[in-house]
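Summary of structural features
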Amino acid sequence: MRTALEIANLVRSGELSATEAVEESLASIEAQEPQIHAFNTVVADRALDRARAVDQAVAAGSDPGPLAGVPIALKDNMCTSGIPTTCSSKILDGWKPPYDATIVEKLAGAGAVLVGKTNLDEFAMGSSTENSAFGPTRNPLNPSLVPGGSSGGSAAAVAANMVPLSFGSDTGGSIRQPAALCGTVGLKPTYGAVSRYGLVAFASSLDQIGPFTNTVADAAVAFETIGGHDPRDTTSIPQPVPNVTEALERGADGLRVGVIAEMMGGAIEGFEPEVLARTREAADALAAAGAEVEEVSLESTIYGLSAYYLIAPAEASSNLARYDGVRYGNRVAQGTSTADMMVATRTAGFGAEVKRRIMLGTYALSAGYYDAFYGKAQRVRTLIIDDFNAAYEKFDVLLSPTSPCVAFPFGAKADPLTMYLNDVCTIPSNLAGHPAISVPFRTGANDLPVGVQVLGPMLGEAAIFQAAAVLETAA
Amino acid sequence: MSTWETVIGLEVHAELATESKMFSPARNEFGGEPNTNVHPVCLGLPGTLPVVNEKAIELAIRVGLALNCSINRCVFARKNYFYPDMPKDYQISQYDQPLNTDGFVDLPNGTRIRIERAHLEEDTGKSTHIGTSGRIAGADYSLVDYNRAGVPLLEIVSHPDLRSADDARAYVQELRAALVAVGASDGKMEEGSLRVDANVSVRPAGSDELRTRCEIKNVNSLRSLGRAIAYEAKRHIQLYENGERPIQETRHWDEEAGRTQPGRSKEEAEDYRYFDDPDLVAVDPSAEWIEEIRAALPTLPAELRAEWITAGADPELAGTVISRGLGPLVAEATAVGADINKTLNHAANTIDPEELGQLTPDGLAETVKMELDGQLTSTQAKTVLQDLMELGGSAAEIATSRGFEAMDRGELEAMLDQVIADNPDEWTRFCEGEAKLQGFFTGQLMKATRGQADGKVINQLLQAKKNA
């Protein structure tokens, strides 16, 4: 399978048609989908129409853009006009948005061709894609294992070479962790670097869209395509998107790398030894390439998980209130009052994990508990930001494992708390709003891929891409 | 038994007169076919995000300045509760960091009413319940219109400083005049663009305690506001005098029955689970911007009223004109030389604030001047003003085209002589002291001049002839 950049370059130079590229992608999906179930919706006819339009543009001598003819997949929580957007929830089954998310417009403007919408944990709540109302996605490397989550479908689609580029959303690790478990590259950009307009909200202060790719260079061009200020999202940063492609060739000479002690067998427990070993090897590889590598302690990150499981559910409890059966999606018309109907709709429409988080969040925001839970969690968030900022005075990037473990079997983490621990290394970046990337770095238990996470400061994408490119070469 | 004092605090919701909604590009317009002034954002569709309407901030600051408030860095918060009229099942409002705080309004009687806050929020849609009852209970089904959903609202909260229904009405009138004068709202209670909830309690006169209050909703006019407060205060007094106490609750004013009724009983107190809206960033108006807005404010109604009274205006007339929202028009007309009391008179009685049409301050001033100079009778002046409102133009032109040339005194005298000649008996009786015949001769003369004679001039002529 070609990379996204290879396809785009061939299409732009007229050596490959977008139609061929999309047909290849659709064939790959058709062959593997029964086994993998990466997609909720495949829009084959629409994709071929769009591909032909790209080909016509090339034939007419115009440049369709940096992702010309590249087949892409979007996590099914990004709004696509006229195409179902379900969030893998029964409550939105069949709903077709009347508008496109900003990222959809940007990708179309860059010549990319949408082939389908990928499976996820319902409303992006989970770390295994087992919480989808439409059945789980399987890990292409071993179908008896989970692909990670919540963007499991997007990770699997790239890992299985169904598409060279897909997009997910990362609220607590939902891009990076499945990227690690499927052996792909996964980027969570700086909060506000990519518009959230049209991304169905899970936790608004943490959600961020990012790409899955097979190469670091593809992730770079994808980020440059989708980034930038959007007046429809007032939390988007009013600055041009950083050029990160330039950074890929810089090497690691003089790069200051801090390895997060707490995530290397320190204060946080439960890491697979192979995962820690690969992360140390990654640090050594950076040092060998000329980086200055040191261990650094970020004490408050150990409270990240607890803070996250108050803040994210609190915001979710409010964001998900609108699914009440009144305006769109499914309605269960039971009882004798509007309130009865709302309760019946939400009882039938939401899965167990979504209900659990709505209840957690409602409780955390309740009068009398706000200060003890939500308020305290926000203070922890500030401490984490302070810790990171202190570390970034000494380091350009930080390093840690992406996930404590490699891909695991279905049902292996049925206890929610055990599942939540999957995100212990990824959550702090979301709480701080900082960028981080997961790069596959060799294999761990059962020859399964290990992901190494490179973290950077606010808008520090160039530095993390710089380090990621070195790791990709060394892997 | 002790005497009782009523304690009232008002929450006034004013819809701001912006082009688009508070957080959505949809149009902000009253009326319209249901669900036509909507957009994915104000429908709260999944994935949409709110964007603050800067014009709404500006209008809210204007009001804040007019109400002598501090203007603050402010944060939007979510007020969470399930309601089918509310597309997101939360309302974006302001909670612990509102835009305007700590202002005041001085009533015409000199009482100062403190404003606690005036914060921005979004309006809800409207439900219509279809079925025999027309109410939600027993309805066959309900329809929701989201045209109003997301319209910017300014909630102006007073301290419990009001002590009577009359004061409450005066306060709302002052507030409305200020809102209209600064161009923030059209202030129409009947269309719901100004809505008033009253928190009412009573206490023994002279006490400074705050007793259990009831919130009265569904008050749709100033008259209802006065009646509702009077009723509610009386109800509380009766309860206390019977050894009972009111319970804190929301009650609805029933205009027809003339009483307040308990709202739907709630099993437990609402917990709105306020938290800062993570989709929005704080709004921090710069000092320069605030000063720019302040500099552009018109003279405020209370200031105008004070100026007029100093200039010899009738205070009641001045108050009426202010509350009709015609202060700026009168101010501009008098600035170009129109007589204050005559202008106020027309503004209070002739000019419809809803139908100003083409009427300009110059047109008004010109009309008043012609009337004062005797070129127009007061009846004619009214007609000229009506024409100015409908058609525009100059008062002199209208007077000419209407044939309102001032009746020459000599011409009128000749006509009077003819009327006397035609009615010799009546004239003799009038001269012998039958005063009521003055009306007869005035009527005859008006008839002869087709209403164009000035009544005062006729009167003078009649007296002169009689005494001659």
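Residues numbered from 1 in each chain as written. Chains lettered and ligands numbered in written order. Predicted model: local features only at pLDDT ≥ 70, side-chain atom pairs only at ≥ 80, totals over all residues.

**Observations regarding the overall build of chain A**
Going by this rule: The numbering of helices and of strands both runs from the N terminus, where a helix is a DSSP run of H or I of at least 4 residues and a strand a run of E of at least 2. Computation of the radius of gyration draws on C-alpha atoms, with the globule rule given as 2.2 Å multiplied by the number of residues to the power 0.38. Neighbour density around each residue's C-beta defines its exposure: 20 or more other C-beta atoms within 10 Å make it buried, 12 or fewer make it exposed, and counts between make it partly exposed, where C-beta atoms are placed from the backbone. We call two residues in contact when their backbone-placed C-beta atoms lie within 7 Å.
Assigned secondary structure in chain A consists of 15 helices and eleven strands. Here chain A has a C-alpha radius of gyration of 21 Å; the compact-globule value for 475 residues is 23 Å, and the two agree. Going through the 475 residues of chain A one by one, you find that 63% of them count as buried. Long-range pairs, those at least 24 residues apart, make up 75% of the contacts in chain A between residues at least 6 apart in sequence.

**Structural notes on the overall build of chain B**
Counting secondary structure elements, chain B contains 15 helices and 14 strands. Each principal axis of the C-alpha atoms in chain B carries an extent, and together these give about 85 × 55 × 50 Å. When each of the 468 residues of chain B is scored for burial, the buried share is 41%. If you take every contact in chain B between residues at least 6 apart in sequence, the share linking residues at least 24 apart comes to 70%.

**Re the nonpolar core**
Put simply, the test is: For our purposes the nonpolar core covers buried Ala, Val, Leu, Ile, Met, Phe, Trp, Tyr and Cys residues that link as a set through C-beta atoms within 7 Å.
Formed by 260 residues in total, the largest nonpolar core has its most connected members in V115(A) and A467(A). By residue number, the principal contributor to this core is helix α2 (residues 165-181) of chain B, which donates eleven residues. Sequence-distant contacts of A467(A), defined by excluding residues within four places in its chain, comprise A252(A), L255(A), V257(A), L286(A), V397(A) and V454(A). Counting eight residues, the second largest nonpolar core, distinct from the first, contains F430(B), F441(B), L445(B) and I458(B).

**Description of the interface of chain B and chain A**
Here is the rule we go by: Gly counts as polar in this scheme, as do all residues outside two lists: the nonpolar Ala, Val, Leu, Ile, Met, Phe, Trp, Tyr, Cys and Pro, and the charged Asp, Glu, Lys and Arg.
Contacts between chain B and chain A engage 25 residues on the former and 33 residues on the latter. Considered class by class, the residues forming the side of chain B that touches chain A number 16 nonpolar, three polar and six charged.

**A few points about the sheet that holds strand β8 (residues 292-296) of chain A**
Residues and elements named next belong to chain A. Heads up, the rule is: Here, strands pair whenever DSSP counts at least two bridges between them. Axis angles are defined between N-to-C directions and span 0 to 180 degrees, where every axis is a line fitted to C-alpha atoms and, for a helix, only to the segment in contact.
Taken in spatial order, the eleven strands of this open sheet run β1-β3-β2-β4-β6-β5-β10-β11-β9-β7-β8, and their pairing is mixed. The sheet is open, and its two edges are formed by β1 (39-42) and β8, each paired on a single side. Geometrically, the sheet is characterised by an average inter-axis angle of 30° between neighbouring strands, direction not taken into account. Note that strand β5 (residues 185-188) and strand β6 (residues 208-213) share two bridges and pair antiparallel. Counted as the bridge partner of G186 is F212 from β6. This element, helix α3 (residues 44-59), spans β1, β2 (71-75) and β3 (113-118) of the sheet and lies at about 155° to β3.

**A word on the sheet that holds strand β2 (residues 70-71) of chain B**
Pairing between sheet strands relies on hydrogen bonds along the backbone, with the strands arranged either parallel or antiparallel. Residues and elements named next belong to chain B. Pairing is mixed in the open sheet, where nine strands are placed in the order β2-β5-β6-β9-β1-β10-β11-β12-β13. Since the sheet does not close on itself, it has two edges, and those belong to β2 and β13 (259-262), each with one partner. The pairing of strand β1 (residues 4-15) with strand β10 (residues 194-204) spans eleven bridges and is antiparallel. Opposite V7, over in β10, you have S201 as the bridge partner.

**Considering the domain arrangement of chain B**
A common measure of how large an interface is: the accessible area buried when the components associate. Threshold: The domain limits used here are those given by an automatic or database domain assignment.
Taken domain by domain, chain B consists of domain 1 (4-288), domain 2 (298-401) and domain 3 (409-467). Computed from C-alpha coordinates alone, the two centres of domain 1 of chain B and domain 3 of chain B are separated by 60 Å.

**A word on the pairing of strand β3 (residues 76-80) of chain B**
All names here are of chain B. Within β3, five of the five residues are buried, leaving the element largely enclosed by the surrounding structure. Neither face of β3 is left uncovered, since the one carrying F76, R78 and N80 and the one carrying A77 and K79 both have all their residues buried. Bridging between β3 and strand β4 (residues 90-94) involves five bridges; their strand directions are antiparallel. Considered in β4, the bridge of N80 is made with Y90. For β3 and strand β14 (residues 275-276), the ladder comprises two bridges, and the chain directions are antiparallel. Within the sheet, the bridge partner assigned to R78 lies in β14 and is F275.

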